[in-house]
Amino acid sequence: MTIKPLNWGLLSTARINRALITPLRASARNHLAAVASRSQAGAEAYAREWSIPKAHGSYEALLADPEIDVIYNPLPNHLHKEWTIRALAAGKHVLCEKPIALTPGEVDEMAAAAQRYGKVLAEAFMYRHHPQTLLARDLVEQGAIGRLQLVRGSFTFSMKTDTNIRLNPEMGGGSLWDVGCYPISYARHLIGAEPLEVFGWQLTGESGIDDSFFGQMKFPGGIYAQFDSGFRTPFRTHLEIVGSEGTLTIPAPFKPGLEEVITLVREEKMERISVPARELYIGEVEDLADCILTGKTPRMTLADSRANVAAIVALLEAAQTGRPVRLPANNI
Ligand SMILES: NC(=O)c1ccc[n+]([C@@H]2O[C@H](COP(=O)([O-])OP(=O)(O)OC[C@H]3O[C@@H](n4cnc5c(N)ncnc54)[C@H](OP(=O)(O)O)[C@@H]3O)[C@@H](O)[C@H]2O)c1
């Protein structure tokens, strides 16, 4: 029996779309059916460029298209909540870009809408689905580095323009929302708990967003995380996972390529471990299809997304007030 593939619609002509186009085309269960833009001409030009069958000249028209099953929402951060809820209300499943929203309350509204309309909603944290992340978590859980004590991560790049959505405070700009969200998410994932208390400093750019952020988080059981994010230093990614018996080092933790090697140092011996190859963005596409077609829970749950947003909000508050911020015990 052949199953009809899920028809996906791209909500805008965002640059990040191109990361999803290849995996959507590679997947037998998914089909890239349409793109929408705020102008018909923009949608048509994009559809021609990427050979997408349908072009809608407004976001509303895409949501009203009865042939579309799934909406990919890569809008600027401040529009994630509104358009995700509108898509859910229109009867579509949604894969929403990170950060899924800008407050825990917004995530609650989105989760309530997914529940109300009976549709799947997940945050597009693609790295969570990659074999490298699964391997790192398995190694930590199996005790490869002993008792986990510290996770240290960095994600920075050099912003070449002054008109990017990431620089606009009204659009949820700032390095913490944009790239700091990754080491925070990775640390929470490996530790398997939520921070009790956070503190951070920011370097504020001309537009008022954090151009760079330097943060730390205290977790239950004497486990700590430290990270930096930023737009003003060259591209850097790194994750170091430190335990009582050893250290695991991941050079490309958030955007792994097809040939990654991670390093485990234990009892002064270094082991280089090859990561199984997998295209980075296929995992989130296949996981969403699994959820829609089989009823499974998304690997990236909304509770997990909510806790990440709560940690980011607390870190920003700490940087702005100059005081550590304790998180509510129910931040899960
Ligand atoms: N997971 C990842 O690897 C990854 C990587 C990069 C970005 N992202 C996320 O994806 C999202 C988009 O990032 P991007 O760099 O692709 O953004 P972008 O190229 O600036 O695209 C954003 C799109 O939103 C639409 N839009 C609607 N209202 C807008 C407004 N007021 N101002 C500007 N654009 C508006 C525009 O499309 P139309 O003109 O067609 O309507 C625009 O092309 C962000 O949430 C970001 O965090 C994720």
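Scroll up to find the structure.
In this report, the structure presented in the accompanying data block is examined. (Residues numbered from 1 in each chain as written. Predicted model: local features only at pLDDT ≥ 70, side-chain atom pairs only at ≥ 80, totals over all residues. Heavy atoms only, no water.)

Quick look at the packing of aromatic side chains
Between two aromatic rings, the relevant description is the distance of the centres plus the angle of the planes. Evaluated as defined, the whole model comprises 15 aromatic pairs. Relative to Trp201, the ring of Phe199 has its centre 4.8 Å away and its plane inclined at 85°; by these criteria the two rings are edge-to-face. Site record: aromatic cluster; members linked through ring pairs are Phe125, Tyr127, Phe155, Tyr182, Tyr186, Phe235 and Phe254. Arg86 extends its terminal NZ or CZ atom over the ring of Trp83, reaching a point 4.1 Å from the ring centre. (Phe/Tyr/Trp six-rings, centres within 6.5 Å; stacked < 30°, edge-to-face > 60°. Lys NZ or Arg CZ within 6 Å of the ring centre and 35° of its normal.)

So, the site of the ligand
For the ligand, the set of nearby residues contains 25 residues, the closest of which are Thr13, Ser37, Tyr59, Asn77 and Tyr281. His80 is positioned with one of its side-chain polar atoms (N or O) 3.1 Å from an oxygen atom of the ligand. Arg166 is positioned with one of its side-chain polar atoms (N or O) 2.8 Å from an oxygen atom of the ligand. Residue classes in the shell around the ligand are distributed as 13 nonpolar, five polar and seven charged. Lining the shell around the ligand are residues from two domains, each supplying at least three of them: domain 1 (6-124) and domain 2 (127-278 + 309-326). (Near = heavy atom within 4 Å. Polar contact = N/O pair within 3.5 Å; in protein donor to acceptor, adjacent residues only side chain to side chain. Nonpolar A, V, L, I, M, F, W, Y, C, P; charged D, E, K, R; others polar. Domains from an automatic or database assignment.)

Thoughts on helix α8 (residues 282-294)
Over its 13 residues, α8 extends 18 Å from the first C-alpha to the last, a length consistent with the 18 Å expected when each residue adds 1.5 Å. Among the 13 residues that make up α8, ten are buried, leaving the element largely enclosed by the rest of the structure. Residues of α8 that are buried sit in contact with β1 (6-11), α1 (17-26), β2 (30-36), β4 (70-73), β5 (93-96) and β6 (121-123). Once α8 ends, the next one or two residues include Gly295, with phi positive near 80°. (Helix = DSSP H or I, 4+ residues; strand = E, 2+ residues; numbered from the N terminus. Expected span 1.5 Å × (residues − 1). Buried < 20%, exposed > 50% of the residue type's maximum accessible area, 1.4 Å probe, protein only. Contact = heavy atoms within 4.5 Å.)

A word on the pattern of salt bridges
Counting across every chain of the model gives 20 salt bridges. A salt bridge links Lys54 to Asp65; the nearest nitrogen and oxygen atoms lie 2.7 Å apart. Residue Lys54 is located in strand β3 (residues 54-56), and its partner Asp65 is located in the loop between α3 (59-63) and β4; the two are separated by eleven residues in the primary sequence. Assessed through its relative accessible area of 4%, Asp65 is described here as buried. The salt bridge partner of Glu197 is Arg326, with a shortest N-O separation of 3.0 Å. Highlighted residues: Glu197 in strand β8 (residues 197-204) and Arg326 in strand β15 (residues 325-326), separated in sequence by 129 residues. By relative accessible area, Arg326 is classed as exposed at 60%. One network of salt bridges, with partners in common, ties together Arg128, Arg188, Glu194 and Asp304. (Salt bridge = Lys/Arg side-chain N within 4 Å of Asp/Glu carboxyl O.)

Observations regarding helix α5 (residues 104-117)
Three or four residues apart is the spacing at which side chains of an α-helix point the same way, because the helix has 3.6 residues per turn. Its 14 residues place the ends of α5 20 Å apart at the C-alpha level, agreeing with the 20 Å of an ideal helix rising 1.5 Å per residue. When we look at burial in α5, the residues that qualify are Pro104, Glu106, Val107, Met110, Ala113 and Ala114. Buried residues along α5 sit in contact with α4 (80-89), β5, β6 and α9 (302-321). Downstream of α5 by one or two residues, Gly118 has phi in the positive range, about 65°.

Topic: the packing of α4 against α5
With their axes 9 Å apart at the nearest point, α4 and α5 run at an angle of 5° to one another. Overall, the two elements α4 and α5 adopt an arrangement that is roughly parallel. Side by side, α4 and α5 meet where His80, Lys81, Thr84, Ile85, Leu88 and Ala89 of the first sit next to Glu106, Glu109, Met110, Ala113, Ala114 and Tyr117 of the second. Residues that form the contact of α4 with α5 fall into these classes: seven nonpolar, two polar and three charged. (Axes fitted to C-alpha atoms, helices over the stretch in contact; angles between N-to-C directions. Parallel < 35°, antiparallel > 145°, perpendicular 65-115°, else oblique.)

Topic: the nonpolar core
Core analysis: the largest hydrophobic core is formed by 99 residues, its most contacted members being Trp8, Ile100, Leu121, Val151, Ile241 and Leu248. Inspection of this core shows a minimum of three residues originating in each of domain 1 (6-124) and domain 2 (127-278 + 309-326). (Core = buried A, V, L, I, M, F, W, Y, C linked by side-chain atoms within 4.5 Å.)

Comments concerning the packing of helix α7 (residues 175-191) against α9
With their axes 10 Å apart at the nearest point, α7 and α9 run at an angle of 120° to one another. Between α7 and α9, the interaxial angle falls into the category oblique. In this structure, α7 crosses over α9, and the sense of that crossing is right-handed. Within the contact between the two elements, α7 uses Leu176, Trp177, Cys181, Ile184, Ser185 and Arg188 and α9 uses Asp304, Ala307, Asn308, Val309, Ala311, Ile312, Val313, Leu315 and Leu316. (Left-handed = near helix turned anticlockwise from the far one by under 90°.)

Considering the sheet that holds strand β11 (residues 232-243)
One open sheet holds the nine strands; their spatial order is β14-β13-β12-β11-β7-β10-β9-β8-β15, and the pairing between them is mixed. Of all the strands in the sheet, just β14 (269-274) and β15 have a single pairing partner and so form its edges. Bridge count for strand β13 (residues 261-266) against β14 is six bridges, and the pairing is antiparallel. Paired with Ile262 across the strands is Ile273, a residue of β14. Contacting β7 (148-158), β11, β12 (246-250), β13 and β14, helix α6 (residues 131-141) runs over the sheet at an angle of about 175° to β12. (Pairing = 2+ DSSP bridges.)

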